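The primary structure of each chain is shown beneath.
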Amino acid sequence: MTGTPDGTSTDTFTPGGRRRHRRVRVSRVGARRALVLAIAVPVASATLAGTSAFAADDSGPRPQGVSVDDLGADDARLVENLDERLADERLGTDVSGVVLDADSDTPLWDHNGSTALMPASNVKLATATTALTLLGANHEFTTKVMYGEGTLTLVGGGDRTLTGEDVAELARTAADGLKAAGRTDVQVRVDDSLFAAPSLAEGWNEGYYPTEVAPVRSLVVDGAAVEDTSIDAGKVFAEKLAAQGITVKGDVSRTTAKGSDVPVAQHKSAPLSDIVKQMLKTSDNNIAETLLRMSAVELGKPGTFEAGTALVRQVLSSYGISLDNFEMHDGSGLSRAARIPAATLAQLLDAITESPALGSILEGLPVSGEAGASLGPEWGRFDDPNSECAVGKVHAKTGTLTGAVALSGVTRTDDGDWRIFSFIENNSTAAPGDIKDAMDGLAATVNGCWA
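Predicted model, so just to flag it, every value in this text is computed and none were measured.

A. Structural view of the packing of helix α4 (residues 123-135) against helix α10 (residues 342-354). Two numbers describe how α4 lies on α10: the axes approach to 10 Å, and their chain directions differ by 35°. α10 is crossed by α4, and the crossing has left-handed handedness. Packed against α4, whose contacting residues are L125, A126 and T129, the element α10 presents L345, L348, L349 and I352 at the interface. Looking at the contact of α4 with α10 residue by residue, the classes come out as six nonpolar, one polar and no charged.

B. Spotlight on empty space enclosed by the protein. Summed over all chains, the structure comprises one cavity of 30 Å³ or more. By volume, the largest cavity amounts to about 50 Å³. Looking at the largest cavity, the residues that line it are R160, A214, P215, V216, R217, V220, T229, N286, E289 and T290. Sort the elements by how many residues they give to the lining of the largest cavity and helix α8 (residues 285-297) lands first, with three residues. Residues of the lining of the largest cavity, tallied by class, amount to four nonpolar, three polar and three charged.

C. Layout of unusual backbone geometry. In this structure, the amide linkage connecting A197 to the following residue, P198, adopts the cis form with an omega of 0°. Cis geometry is adopted by the peptide bond preceding P210, which originates at Y209 and carries an omega value of 10°. Relative to the helices and strands, P210 is located in the loop between β6 (185-191) and α6 (229-243). Of note, the phi angle at E149 is positive, near 55°, even though the residue is not glycine. Located in the positive-phi region is F382, a residue other than glycine, with phi close to 50°.

D. Highlighting the sheet that holds strand β11 (residues 394-401). If you walk across this open sheet you meet the five strands as β2-β1-β13-β12-β11, and the pairing is antiparallel. Both outer strands of the open sheet, β2 (106-111) and β11, are each paired with one neighbouring strand and no more. The mean inter-strand angle of the sheet, taken between neighbouring strand axes irrespective of direction, is 5°. Pairing of strand β1 (residues 94-101) with strand β13 (residues 418-426) involves eight bridges; the strand directions are antiparallel. Looking at the pairing, S96 lines up with I424 of β13. Against the sheet, helix α3 (residues 73-85) engages β1, β2 and β13, with an angle of about 15° to β2.

E. How the structure looks around the environment of R293. Examined against the element boundaries, R293 turns out to sit in helix α8. For R293, a relative accessible area of 0% puts it in the buried group. Note: C-alpha distance between R293 and T127 (166 residues apart in sequence) is 9.8 Å. Every residue in contact with R293, bar those within four places of it in the chain, is listed here: F195, A196, P198, S199, V216, G303, T304 and F305. Only 2.6 Å separates the side chain of R293 from the backbone oxygen of A196, close enough to count as a polar contact.

F. Structural context of the state of the cysteines. As enumerated under the stated definition, the model contains one disulfide in all. Disulfide partner of C389: C449, at an S-S distance of 2.2 Å. Between C389 and C449, the S-S torsion sits near 60°, and that sign places the bridge as right-handed. A residue pair is termed long-range when its members are at least 10 positions apart, and C389 in the loop between α11 (359-364) and β11 and C449 in the segment after α12 (432-447) qualify at 60 residues. What makes C449 partly exposed here is its relative accessible area of 23%.

What counts and how
- Residues numbered from 1 in each chain as written.
- Predicted model: local features only at pLDDT ≥ 70, side-chain atom pairs only at ≥ 80, totals over all residues.
- Heavy atoms only, no water.
- Axes fitted to C-alpha atoms, helices over the stretch in contact; angles between N-to-C directions.
- Helix = DSSP H or I, 4+ residues; strand = E, 2+ residues; numbered from the N terminus.
- Left-handed = near helix turned anticlockwise from the far one by under 90°.
- Contact = heavy atoms within 4.5 Å.
- Nonpolar A, V, L, I, M, F, W, Y, C, P; charged D, E, K, R; others polar.
- 1 Å grid on protein atoms, 1.4 Å probe; cavity = no way out; pocket = protein on both sides within 12 Å on 5 of 7 lines; lining within 4 Å.
- Points joined across faces, edges and corners; volume = space filled by probe spheres on them.
- Pairing = 2+ DSSP bridges.
- Buried < 20%, exposed > 50% of the residue type's maximum accessible area, 1.4 Å probe, protein only.
- Polar contact = N/O pair within 3.5 Å; in protein donor to acceptor, adjacent residues only side chain to side chain.
- Disulfide = S-S within 2.5 Å.

Any link to function would need more than the numbers given here.
Put into structure tokens, the structure is as follows:
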């Protein structure tokens, strides 16, 4: 994430070289935030660094119209530029935006910051924060194979990154055990009871699934875009068993593993921190939905949308983040019923930049111009004359639905000042690519390269 597509070096979260040109208030909490940002992608610690200073100081973005008189010359020019560029007709009239100075917790700019708009995939920031806070960066998800009464049961453990190769290894281990016991034929069942119904969220359009998101289940192999990922996974498992010389009798079907069943194989996922990075880089809807439910399951709650989103509200409140006008119905942001103000997303990013335990979120944010991520050139991002100056300098979560484009993240100016921003637009009639170009221009404005 530290290079552009042409291989040139880019701006990263690295220490040193900071030059101050204006007086700011830097508290001990602000200094901790600066360290988190400077370390680039810190190893998540076992404990949280504390609640957000943004909330603790009760100094959230003031209502519309931060006074330019209170700002230094550079920040005053930033405000003037944002006010002017917000009038870009490509953005439409339903726009919410907030910019903060990350070092001093100073609100720099606010335009309808408390207005709740459809945030699209910016919801994933809340999902990632909740999972890391409740489960920890090193948490792993376990897929098991159980044996009982002539049946092997593949038990889903909420690992949305499980691959065919992983299942092949489970099959090899299980087959070795069967052969050692003198058995070469079994039935195959799947247990996906970890997640409860419904598998589709409020506000999802029928056209979303199974391609944009699959019905949410606790068992899937190779991210299969199918209606029933669990049965599909069971079929893959049966094929891998057959390749090991095991005869699979009958069709794959569902069951619930019994207490008397014996574990014969298991696979553990990569650490949660790695999964969070993958989810954010590519805006993976399916991983997001699984993490939302697993956050609930691991706390002994039902594996449902409702239980997961309730925990999100609790976690965000624990960081002191405002839930005014906050509506969330899934983990991915695909729900068209979701509403979140830009001010809330800015507060969330403020908390993220402060806590080493959430460092994998910063590392996972797509970087402007980063090939393979959602801000990459293949998506037409940061490639016009106004925003190309910010390639490698913006770390932000994208969000796109029909009628909604969002961009929330952090950027560092040439003077070494970190800024937090969140922009959301709804209902623009411009072409999606044009809206994104205008949004990228706002991020470049915050960075200062488009002065």
